[in-house]
Amino acid sequence: MTEKMIPHHQLPAKAAQLQRRRDYRDRFARRLVTLSGWLILLTLTVLVWHLVSQSAPILVSPSAEFRDRIALPEGHNVLLMGDIYQDQATITRDQTCKLHFLQLDKATNTLVSVKRVPTLCAERITAFRHNGTDYLSRLSQNGILRIEKITLFQSRLTNDLAFSMAVPMSLQQRPLSDWNIHFGRRNTVVELRYDDLFALHWLEANHSASSDVTVIDEAQHIRVLLPLRQVAVFKDKRIVFVDSKGTRLSQTELSAEVTSVSQSSAGRSLFVGLSDGHFQRWSAVNKEGVFSFIKVWETEGLTAQTVNFTPGNNGILVTNASGHIAIVNGATGELLSALDLNFAPSSVMWATENVYGAGADFVNVYKIRDLSGSTTWSALWRKVWYEGYDTPQYVWQTTNGSDFQTSKYSLVPLVIGSIKAAILALFVAIPLAFGAAIYTAYFASEYIRNRVKPLVEMIEAIPSVVIGFVAAVWISPLAEQFLFSLMLFIIITPLALLLYARWQRDLVQRLPLRYRKGYELLFSGCFIIVMALLLTEFGVQLQMLMQELLGYQYWSIWGEQGVGKSTLVVAIALGIAISPTIYTLTEDAIYGVPKSIKLASFALGATRLQTLRRIVIVTAYPGILSAIVLGFGRAFGETMIVLMVTGNSPLPDWNPFTSLRALTANLAIELPEAEVGSSQYQVLFLTALMLFAFTFVANTLAEVLRRRLQIGRDYD
Amino acid sequence: MIKWADSSAHRQSFAISMTALACAILLMTQIALLMFVLIRGSDYFWPHTVAQLTFKESETGQTQTLYVEPQVHSPNEDKWDALYYTSALAGIGDSLALRRSQIQAQVLASDIAVLVMHDGRRIFARPLSHNPSEEYSLTLFDEAKDKVTELTDEVDALRLGPLAGLHRQLALFDEQGVDPGAPMRQRLESQYHEYVAQVDGLNNQLSLYNLKVMSGSGAEYTLDIADIDRMYFPNRLGMSGKIWLAIKMFGDFVTEPPKQANTSGGVFPAIFGTVLMVMLMTVIVTPFGVLVAVYLSEYAPRNGLTSLIRIGVSNLASVPSVVFGVFGLGFFVYTIGSGMDSLFSTQSVSSPKMGAPNLFWAALTMALLTLPVVIVATEEGLRRVPESLRKGSFALGATQSETIWHTVLPMASPGIMTGVILAIARGAGEVAPLLLVGAVKFAPSLPIDGEFPFVHLDRQFMHLGVMVYEGAFQSQTIGQGASYMFASCMLLLFIVFVLNLLAVALRSRLKRQFDATL
């Protein structure tokens, strides 16, 4: 369009200069505008890319890969591995019976001793970790067991005696072979092993002298289930559960010999490895006050030797005797990833991103990528049997009492919540918006339409936070009363209108001509005011009367559940908020029905009502559907109202009278607190992406429907 | 169906009435909502009468007297709600629910005063005497109040002027390690002490001015007049007096900061934050939105990519607002902001500046949210400019940019304005994304102040909508807290509605203008 009308050389010099400047400006403007066009494309791309990239790790399975090899001083026997990269000390004992506390020397990539403590070779020493604190347990030759809490801070070692006790070095002619300490909230248990004989000393929390001793004979493994005060005894192909007195509670047959047993940090689940390659999770289930263990899941092909956990994550690390490691989702039992280490580690430690495996004179470090991917697709969408639950359930629970509990990310309750809120809103919005649209687009005169339509559309301008606030402050406290009045209103109104319809003609004919336009609206307004006044005045008395007449039980159906208070409030508040969307689009669709069709219908003798039902609505049908789809989309994406008036408890329940938490409200509640890059953060981004994608689907669907409307119009 | 309603005429009347009813319900709900907010909101400013109430306590059976403000909205006839302020110590009012039978006497005594304190407390009391032991009188109180204002101004002048300067200088000396015995330092210190003594003297004078009051239960308190913001006698006020006072209270409401944990005082920081955020947003969104619209309708080739952009933009308009908040937090704050922090930060700066939710990212997020509004409205405006005008401009030798700049854009300007105003209205009323990217319940300082560099875009800010949301969550559903929140709602509604009406007016002007040209 910028054709140069006059060739440059024909212009005087000054004019040519001016022309050049104009051309330059024009080119500059073109580039600037085009740039902004590209920029909007970039913005859209970045928006989608960011949502996808932030939520993608949750969908990727974690993987382990070799990261580094750290040298370990020769002849050191690893008692307890530390998180080496976090400068946590690794405790070893060398051939001269010295205890060493090793830390990483980054220059040589070697573990060097920062502290050494000489000990007697006759003393037997083990180390263990509980709640992030390291403990040494030392057994002297004459049977004194000392438990020491150790802290290493800037190469200064402090060891505080936790407790000490005298233990018999042999029992029924069997020598003491091994021992374990279990700290619980009420009890500390000292587990002593004499070959196939186990003696459990139940100490009080203050470690005062042993009160109860349980002796268990002929067992291969035992596990103390402290929170339940039970002991799982493994012998042959059986698990026997006994209580702290040694009384047998229940027993279960297993398919093969037990190779390893581990306990979850919360202490209510057992991970059992069998010699035939089965790996199983058993969890405590509360049945009328009695805890019994049930097999939750089982995987094949894993002969577990040791099992490791990492705080705050669902994944568990299974190592077998030949040096295969596998990451398994502890909640669902899915195998997530596996790696062959090429050596059998003597000790394994898992600290979030790093897995340390100790060999003879080295420690191999393996990096775990995409650990948050241990929350699998099926954990997001299927029922999962979490520890502490009696059945598989959909649970959304991201805030935990401690690091040792796992977060539960089932999206089902949130999706149900969103859909429930949107459907409830449609129940209110569709009749209102649809009725109003028919009225203004079909029945009312042009005069009324031009005035009423912008007024109804003004509802869209009310900030949703204001609607939410008014609903929370005004409607919520009055909901019980409100519900009754509303029911009465819904019952009485059609009856009253039926009565009114009988005499409407005679009535209108008496009205002066100038008032006949829009009298219905005026009449309806008056009717609502009168009804509202009557219902607020006599509503309570009427309710009492009804209660007396029909009996209390009849009313308590809703009364018990707080009348589904939030349900009603959500339906009303959200319904009002989305009705202008539905109204405007429906109105446009109905109004857009060509006049010729309507007139043809009238000419054939159809009444206005017949024309409406058979012609207008049928023609406008795709438009109306698209309006409902968009209204649903708006309700689905609305945040403030659902956030303010629902109870925000995520229940996987379609019952409209229970509380709900919507996807949008969940984002507003949890995202500000979520740690960047954590599983929670990624799951939340996934929900944002879902909302985004849902909008596109709803919009496209509505657009397709509208196109059909357009095509339908083209025919006449 | 019943026989007498069987004729088609009756059915039609019925249908018309039903649809009209639906329409009326929508309209009435809107009106009821607005009226409710208006009434409850203006209730915050309206000086209510205060009664001296004598009643029997339900538990002990003792007779008690209190000054109370009867609540207007009590749902139950037999119950009687009232708001009362027990003592000078009570920050916010308490609510009292009594049965009618418990009430023994209720007197609207004309000498009960409402004392509005500077810290937001309100006290119902009867003024007794001034210090030193003068009988209370209104003129004397006014005189004392004037004197006190004078004195406080003096103190403030000293504090903010010479004292602050001296303090800064001394702090600088400390930093530089100047010897405490240095003569310059000693001179400054002596000056400093001199001023402190002056301030102390003034404060002593101030403390002489106090007011002895008696609460409803007969307890006596002494209040510093310097602490009293306003005193009025609600039962003596006529209608005009009440209106005047309500206007003054409204003035205070829009100019003062919130007090007593967002239950009394004003909303100035929230208005300021809202307006500033919206202004920033407008500055970002307008040029960008208009340029994109110009590109789409004037420059873009008619191909798949352009229609892809169009579809993207129109879909963007209906993406749930909270998703923009998520994007703003994840991309602007945590990705770009943190990146900027690590790029510019020196070792001394440890706290995140741009890597935390703040005003700038909030404005940018809202700009993204409102971008489709501006683009769509501008495009509509551009489409309405007749092709013949463009052709005419080209025929006169204008380049494309000149045509757009001098002919098309001026004609489309009402459309652009409509878009911008609708964007502003949307931006002012939208809360969900702000919960994620920077608005807070209480911000200690305004984003603009006297400190260098004066405009602090890296600060968090207060927002009217966020305040209302927080108010609902703190279940401030009774008493003064609720009134305060309703007043905030009213203000928010007012702002949004004025903007929307402006947009509607502009749009109809645009239509008329084109009807005239075509």
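What you see is a predicted model; the values in this text were computed from it and never measured. (Residues numbered from 1 in each chain as written. Chains lettered and ligands numbered in written order. Predicted model: local features only at pLDDT ≥ 70, side-chain atom pairs only at ≥ 80, totals over all residues. Heavy atoms only, no water.)

Draft legend 1. Representation of the overall build of chain B within the structure. Within chain B, the secondary structure is distributed over 13 helices and 15 strands. Expressed as a percentage of its 518 residues, the buried residues of chain B come to 50%. Sequence-distant contacts in chain B: of pairs separated by 6 or more residues, those separated by 24 or more amount to 68%. For chain B, the accessible area works out to roughly 23900 Å², and carbon and sulfur atoms hold 60% of it. (Helix = DSSP H or I, 4+ residues; strand = E, 2+ residues; numbered from the N terminus. Buried < 20%, exposed > 50% of the residue type's maximum accessible area, 1.4 Å probe, protein only. Contact = heavy atoms within 4.5 Å. Areas by Shrake-Rupley, 256 points an atom, 1.4 Å probe, with all protein chains shown as cover.)

Draft legend 2. Molecular detail of the side chain of A:Thr581. Residue and element names in this part refer to chain A. Here Thr 581 shows up in helix H9 (residues 565-591). For Thr 581, a relative accessible area of 11% translates into the label buried. Setting aside its immediate chain neighbours within four residues, Thr 581 contacts Glu 460 and Arg 634.

Draft legend 3. Geometry of empty space enclosed by the protein. Residue and element names in this part refer to chain B. For the coordinates displayed, the defined rule picks out two cavities of 30 Å³ or more. Volume-wise, the second largest cavity comes out at about 30 Å³. Along the walls of the second largest cavity sit Pro 269, Ala 443, Ser 445, Leu 446, Pro 447, Gln 460, Phe 461 and Met 462, which together make up its complete lining. A breakdown of the residues in the lining of the second largest cavity according to their chemical character gives six nonpolar, two polar and no charged. (1 Å grid on protein atoms, 1.4 Å probe; cavity = no way out; pocket = protein on both sides within 12 Å on 5 of 7 lines; lining within 4 Å. Points joined across faces, edges and corners; volume = space filled by probe spheres on them. Nonpolar A, V, L, I, M, F, W, Y, C, P; charged D, E, K, R; others polar.)

Draft legend 4. A look at unusual backbone geometry. All names here are of chain A. Even without glycine at this site, Asp 87 takes up a positive phi of about 60°. Tracing the sequence through the fold places Asp 87 in the loop between strand S2 (77-80) and strand S3 (90-93). Its identity as a non-glycine residue notwithstanding, Cys 97 has a phi of 65°, on the positive side. You can see Cys 97 is positioned in the loop between S3 and strand S4 (98-105).

Draft legend 5. Summary view of the pattern of salt bridges. Inspection of the entire model under this criterion finds 21 salt bridges over all chains. Here A:Arg22 makes a salt bridge to B:Glu402, at a shortest N to O gap of 2.8 Å. Separated into two different chains, A:Arg22 in helix H1 (residues 13-59) and B:Glu402 in helix H10 (residues 400-429) make up a pair that spans both. Between A:Lys453 and A:Asp588 there is a salt bridge, with the nearest N and O atoms lying 3.0 Å from each other. (Salt bridge = Lys/Arg side-chain N within 4 Å of Asp/Glu carboxyl O.)

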